[in-house]
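# Structure at a glance
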Amino acid sequence: MDSLNSIINSINAFAWGPPMLGALGVTGVLLTVGLLFMPWRKVGYGFRLLFDKGGAVGEGEVKPFNALMTALSATVGTGNIAGVATAIALGGPGAIFYMWLIALFGMATKYAEAVCAVTYREVDATGKYVGGPMYYLRNGVGEFAPELGKWLGIAFAIFGAVAAFGIGNAVQVNSMASALINSFGVPTWVTGVVVAVLVGIVIIGGIRRIGEVAGKLVPAMIVLYMGAALVILAINITAIPDAIGMIFTYAFTPAAATGGFAGAAVAAAIRFGVARGVFSNESGLGSAAIAHAAAQTNSPVRQGVIAMLGTFIDTLVVCTITALVILTSGAWVMTGEDGAGLTGAVLTSTGFEVSLAGGQYIVTIALAVFAFTTILGWSYYGERCWQYLFTEKSLIFYRGLWVLAALAFANVKVDLVWNLSDTLNGLMAIPNLIGLLLLAPMVFKVTRDYFEDIGTPLGSPRPSKGISS
């Protein structure tokens, strides 16, 4: 087992190493520049589209809002609670600056993924709209390189179908079970049974039921978590300027060791900030495109603008608030019972606890619900990849395995599973990034055409005249 872990860790060094993180960053920069920084300038327009009650016009399975909530259900989770804390613990406060940076360029990547997903989606044998990287690789890249598109699509589907069981199931239910037994004494087997039953009830209804549940749970939990965090920031308001100052200062200068914090070089801030940022919002991995492909829309650009909000909300809002709680509370320099510095979910929980009575319980509840919704979101991603490789009729088998995995992994250690799924999750980005770069000219063209049609050319500083297309 140790030897296998060592091999997987070696592969992981590539899957999440500097070359891959660099490729994700470069792709985001190229797409952002090619789109004339549209994702940065159209955030307000995106929110207007999101809440436009008449916006669900066109063929598809779920409302654009529920498509985004399904995507967010799979991204807002342990990465926002434990991932941010890990970035600070290993990279210092400056890591947050690089989380912001990768998210700003990741918005263009997420936008392009959704545009491609809607453009090249298909109707399956049951009459449902399906799509995602595997389809735009085969149908988009395949238009000028059939063999390349075919094999890239298959590679993505294999990585996605297998990785889903780890990063989207085992890790989530195990984290939930650990949090609930530590905070409330709930036996892990009880968590496993309850999660398996609830997940089974939801996923049997497909994307529509997943979208409906995510559309209610995700906003509610973000409001609860953010509400508690904002109360803490109000209590620690005098420490906020210093916290923001540390983020910018230690982004460019080494952070010295202090208290339980071991210190970090600028290189560590870059590495862990970028890695945790990508891990949190998944821009470039292609997963969220699977959910957006099912949206009821007649415009790939409209859904793309809504999709890019996922990265904005996940990293620039939720992760930032988590980071400020950790920094203003002073938890990032505290030590645990073993004398070492705090990290992961424990660090975030401590940040809430020292500032707000019972704050640690809010983190536990948020972690549990976020993990549950992540299991729902990734169940859809996994089964779409499975369907692409096999048939629609075999989905019942995949769903059965999914429910059994949730039951089993609540009670076992998942170190190996975490490492393996982390590797496969990173490998998903390889075919996806190749596809995005090859399809970038199409994305730029349809984007220019769309904004010209509504009277606000991409190069124009004029505000949008409306949200109808």
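Since the structure is predicted, the reported quantities are computational estimates derived from the model, not experimental observations.

## A short note on the environment of Leu395
With respect to the helices and strands, Leu395 occurs in helix H18 (residues 395-409). A sequence separation of 13 residues divides Leu395 from Gly382, and the C-alpha atoms of the two residues are 9.9 Å apart. When near neighbours in sequence (up to four residues on either side) are disregarded, Leu395 contacts Glu383, Arg384, Trp386 and Gln387.

## Examining the pattern of salt bridges
Within the structure shown, the criterion is met by six salt bridges. A salt bridge links Glu383 to Arg399, with the nearest nitrogen and oxygen atoms 2.9 Å apart. Separated by 16 residues along the polypeptide, Glu383 in helix H17 (residues 359-389) and Arg399 in helix H18 bring together distant segments of the chain. One network of salt bridges, in which partners are shared, links Glu383, Arg384 and Arg399.

## Here we look at helix H4 (residues 43-50)
Considered for burial, the residues of H4 that qualify are Val43, Tyr45, Gly46, Leu49 and Leu50. With its buried residues spanning 155° around the axis, H4 presents them on a single face.

## So, the packing of helix H5 (residues 64-75) against helix H15 (residues 300-329)
Any two packed helices are characterised by how steeply their axes cross, that is the angle between the axes, and by the distance between the axes. At a minimum axis separation of 10 Å, H5 and H15 run at an interaxial angle of 35°. The two elements H5 and H15 meet at a crossing, and its hand is right-handed. For the pair H5 and H15, contact is made by Pro64, Ala67, Leu68, Leu72 and Thr75 and by Gln303, Ile306, Ala307, Leu309, Gly310, Ile313 and Asp314, respectively. Classifying every residue of the contact of H5 with H15 by side-chain character gives eight nonpolar, three polar and one charged.

## Focus on the packing of aromatic side chains
Applying the stated rule across the entire model yields 22 aromatic pairs. Measuring from ring centre to ring centre gives 5.2 Å for Phe261 and Trp332, while their planes differ by 55°; the resulting arrangement is tilted. With Phe261 in the loop between helix H12 (240-252) and helix H13 (266-281) and Trp332 in the loop between H15 and helix H16 (344-355), the pair connects residues that are 71 residues apart, well separated along the chain. Taken together, the ring pairs in this structure connect Phe165, Trp386, Phe390, Phe397, Tyr398 and Trp402 into an aromatic cluster. When the ring centre of Tyr45 is taken as reference, the NZ or CZ atom of Lys42 above it lies at 5.9 Å.

## Details of the state of the cysteines
According to the stated counting rule, one finds zero disulfides in the structure shown. Among the cysteines around Cys116, which has no disulfide bond, Cys385 carries the closest sulfur, lying 16 Å off. A residue is classified by how much of its surface remains accessible, and Cys116, at 0% relative accessible area, is buried.

## Here we look at H15
Spanning 30 residues, H15 covers 43 Å between terminal C-alpha atoms, matching the ideal 44 Å at 1.5 Å per step. Bending of H15 peaks at approximately 30° at the position of Phe312. Taken across its 30 residues, H15 has 26 buried, putting it largely inside the fold. One or two steps after H15, the chain reaches Gly330, where phi turns positive at roughly 80°.

The rules we used
Residues numbered from 1 in each chain as written. Predicted model: local features only at pLDDT ≥ 70, side-chain atom pairs only at ≥ 80, totals over all residues. Heavy atoms only, no water. Helix = DSSP H or I, 4+ residues; strand = E, 2+ residues; numbered from the N terminus. Contact = heavy atoms within 4.5 Å. Salt bridge = Lys/Arg side-chain N within 4 Å of Asp/Glu carboxyl O. Buried < 20%, exposed > 50% of the residue type's maximum accessible area, 1.4 Å probe, protein only. Arc of directions from axis to C-beta. Axes fitted to C-alpha atoms, helices over the stretch in contact; angles between N-to-C directions. Left-handed = near helix turned anticlockwise from the far one by under 90°. Nonpolar A, V, L, I, M, F, W, Y, C, P; charged D, E, K, R; others polar. Phe/Tyr/Trp six-rings, centres within 6.5 Å; stacked < 30°, edge-to-face > 60°. Lys NZ or Arg CZ within 6 Å of the ring centre and 35° of its normal. Disulfide = S-S within 2.5 Å. Expected span 1.5 Å × (residues − 1). Bend = angle between axes of the 7 residues up to and from the residue.

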